[in-house]
Amino acid sequence: MDIQSIGVIGAGQMGNGIAHVMAVAGYDVVMTDISQDALDAAVSRIDKNLGRQVAKGALSADDKAAAMARISTTLETPEVAQTDLVIEAATEREEVKQKIFDSLLPHLKPETILTSNTSSISITRLASRTDRPEKFMGFHFMNPVPVMQLVELIRGIATDKDTYESCLAVVDRLGKTAASAEDFPAFIVNRILMPMVNEAVYTLYEGVGNVTSIDMAMKLGTNHPMGPLELADFIGLDTCLAIMNVLHDGLADTKYRPCPLLTKYVEAGWLGRKTKRGFYDYRGESPVPTR
């Protein structure tokens, strides 16, 4: 399928990043969310990030203007459903994603490909609730989308070859690199990454080290650009917990049990950077460890 238009559902950090790179690559983008305020904030964020690329010489002013002109926003589901490829980038909760796909189905073109940016949820299970499991797959971008090179492409049990190749062609046009993953809980990146983050939280929980020493140890001892607790705050502790729960439930192995301290932080609403508190407190001039 020759994909020309992209529908993006969700205008948060991932959704606006996806819209950004798609528009720069020449696709017409229709972005939706539950409120106009969220959409306006996303467009403003894209404009700001494109401006940074212009300032760095990575993009011309004309290219920025053209990319912004390709992005439209709507609160109406039918407008998004009429695109060639829909990428769902809502919160990492399966019931939310299923409701979104249920609302799309009556309005989709027969040839439209449905995808999810989920970082852990079964693609096969999400696809089974739609009318086109053969045209459904996982399209998992890394955060921040304009910077990170990798895209995980995940085929469900029914995903056909044409759907995969169409999505692979989109990744190529973006100038990114695709990694093909089988449909197992958390796929490749988060199957490896999240247990490391969870183990870092256990290390904190058990008093082996404090926040500063754990992050410093991994940055200086293993050359990680961010410490695991700093990274957890960047991702969102609620997302980390959701992925660990998917791993624990899906693989039935106690090694994936979420650390109780991670659960406690989420219950407190300390979700990381997006709420200004997590393993670090971001309310001052510089982050301060909370433990």
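Since we're looking at a predicted model, the values are computed, not measured.

Conventions and cut-offs
- Residues numbered from 1 in each chain as written.
- Predicted model: local features only at pLDDT ≥ 70, side-chain atom pairs only at ≥ 80, totals over all residues.
- Heavy atoms only, no water.
- Helix = DSSP H or I, 4+ residues; strand = E, 2+ residues; numbered from the N terminus.
- Rg over C-alpha atoms; globule rule 2.2 N^0.38 Å.
- Buried < 20%, exposed > 50% of the residue type's maximum accessible area, 1.4 Å probe, protein only.
- Areas by Shrake-Rupley, 256 points an atom, 1.4 Å probe, with all protein chains shown as cover.
- Lys, Arg positive; Asp, Glu negative; His and termini not counted.
- Charge placed at Lys NZ, Arg CZ, Asp CG, Glu CD.
- Patch = residues over 30% accessible without salt bridge, like charges linked within 9 Å, V, L, I, M, F, W, Y side chains within 5 Å.
- Salt bridge = Lys/Arg side-chain N within 4 Å of Asp/Glu carboxyl O.
- Pairing = 2+ DSSP bridges.
- Axes fitted to C-alpha atoms, helices over the stretch in contact; angles between N-to-C directions.
- Contact = heavy atoms within 4.5 Å.
- Phe/Tyr/Trp six-rings, centres within 6.5 Å; stacked < 30°, edge-to-face > 60°.
- Lys NZ or Arg CZ within 6 Å of the ring centre and 35° of its normal.

Student: Hey, could you run me through the overall build of the protein chain in this one?
Tutor: Along its length, the protein chain carries 12 helices and 10 strands. Over its C-alpha atoms the protein chain spans a radius of gyration of 19 Å, differing by no more than 12% from the 19 Å that the globule rule assigns to 291 residues. With 291 residues in all, the protein chain has 47% of them scored as buried. Total accessible area on the protein chain stands at roughly 13,500 Å², and carbon and sulfur atoms take up 52% of it. Considering the protein chain, the positive charge centre built from 29 side chains and the negative charge centre built from 37 side chains are found 5 Å apart.

Student: Looking at this structure, I do not really get a positive patch on the surface. What am I missing?
Tutor: A cluster of basic side chains, namely R45, K48, R52 and K56, defines a positive patch on the protein surface. Residue position: R45 is located in helix α2 (residues 36-55).

Student: What exactly am I supposed to notice about the pattern of salt bridges here?
Tutor: Oppositely charged side chains can pair when the atoms bearing their charge come close. Going through the model one piece at a time under the given rule, you end up with 13 salt bridges. We note a salt bridge from D84 to K109, for which the minimum N-O separation is 2.6 Å. Within this pair, whereas D84 is found in the loop between α4 (77-81) and β4 (85-88), its partner K109 is found in the loop between α5 (94-104) and β5 (113-116), the two being separated by 25 residues in sequence. Given the relative accessible area of 17%, K109 is considered buried. The structure contains a network of salt bridges with shared partners spanning D84, K109 and E111.

Student: Can you help me understand the environment of A217 in this one?
Tutor: Along the chain, A217 falls in helix α9 (residues 211-222). With relative accessibility at 43%, the residue A217 sits in the partly exposed group. Linking A217 and P228, residues 11 residues apart in sequence, is a C-alpha distance of 9.8 Å.

Student: How should I be thinking about the sheet that holds strand β8 (residues 177-181) in this particular structure?
Tutor: Adjacent strands of a sheet pair through backbone hydrogen bonds, lying either parallel or antiparallel. The eight strands are arranged β3-β2-β1-β4-β5-β6-β7-β8 in an open sheet whose pairing can be described as mixed. The sheet is open, and its two edges are formed by β3 (71-74) and β8, each paired on a single side. Each strand axis lies, on average, 25° off the axis of its neighbour in the sheet, ignoring direction. As paired elements, strand β7 (residues 150-155) and β8 share five bridges and run parallel to each other. Counterpart to L150 in the pairing with β8 is T177. Strands β1 (5-9), β2 (28-32), β3, β4 and β6 (136-141) of the sheet are contacted by helix α1 (residues 13-24), whose axis makes an angle of about 165° with β2.

Student: Would you take a moment to explain unusual backbone geometry for this structure?
Tutor: Outside of glycine, negative phi angles account for most residues, and trans bonds account for most peptide bonds. Cis geometry is found at the peptide bond from N143 to P144, where omega equals 0°. Here the phi dihedral of A186 falls at roughly 70°; this positive angle occurs in a residue that is not glycine. Its place among the elements puts A186 in the loop between β8 and α8 (189-205). Relative accessible area serves as the criterion here: at 0%, A186 is assigned to the buried category. Here N223, not a glycine, exhibits a phi torsion of approximately 65°, which is positive.

Student: So what exactly am I meant to see when it comes to the packing of aromatic side chains here?
Tutor: Aromatic rings in a pair are described by how distant their centres are and how their planes are angled relative to each other. Scanning the entire structure with this criterion turns up six aromatic pairs. Each ring, one from F101 and one from F136, has its centre 5.0 Å from the other, and the planes form 70°; the classification is edge-to-face. Here F101 is found in helix α5, whereas its partner F136 is found in strand β6, with 35 residues between them in sequence. F136 carries the same exposure label as F101, and that label is buried. Here Y265 and W270 contribute two aromatic rings whose centre-to-centre distance is 5.7 Å and whose plane-to-plane angle is 85°, an arrangement assigned as edge-to-face. For Y265, a relative accessible area of 5% corresponds to the buried category. Looking at W270, the relative accessible area reads 26%, which means it is partly exposed. A network of ring pairs unites the aromatic residues Y265, W270 and F279 as a single cluster. The positively charged end of R155 is found above the aromatic ring belonging to Y164, 4.0 Å away from the centroid.

Student: I would appreciate a short explanation of the environment of V30 in the present structure.
Tutor: Inspection of the secondary structure puts V30 in strand β2. On a C-alpha basis, the gap between V30 and V201 in space is 39 Å, while along the polypeptide they are 171 residues apart. V30 has contacts with I6, G7, V8, S72, T74, E79, V80 and T83, leaving out every residue within four places of it along the chain.

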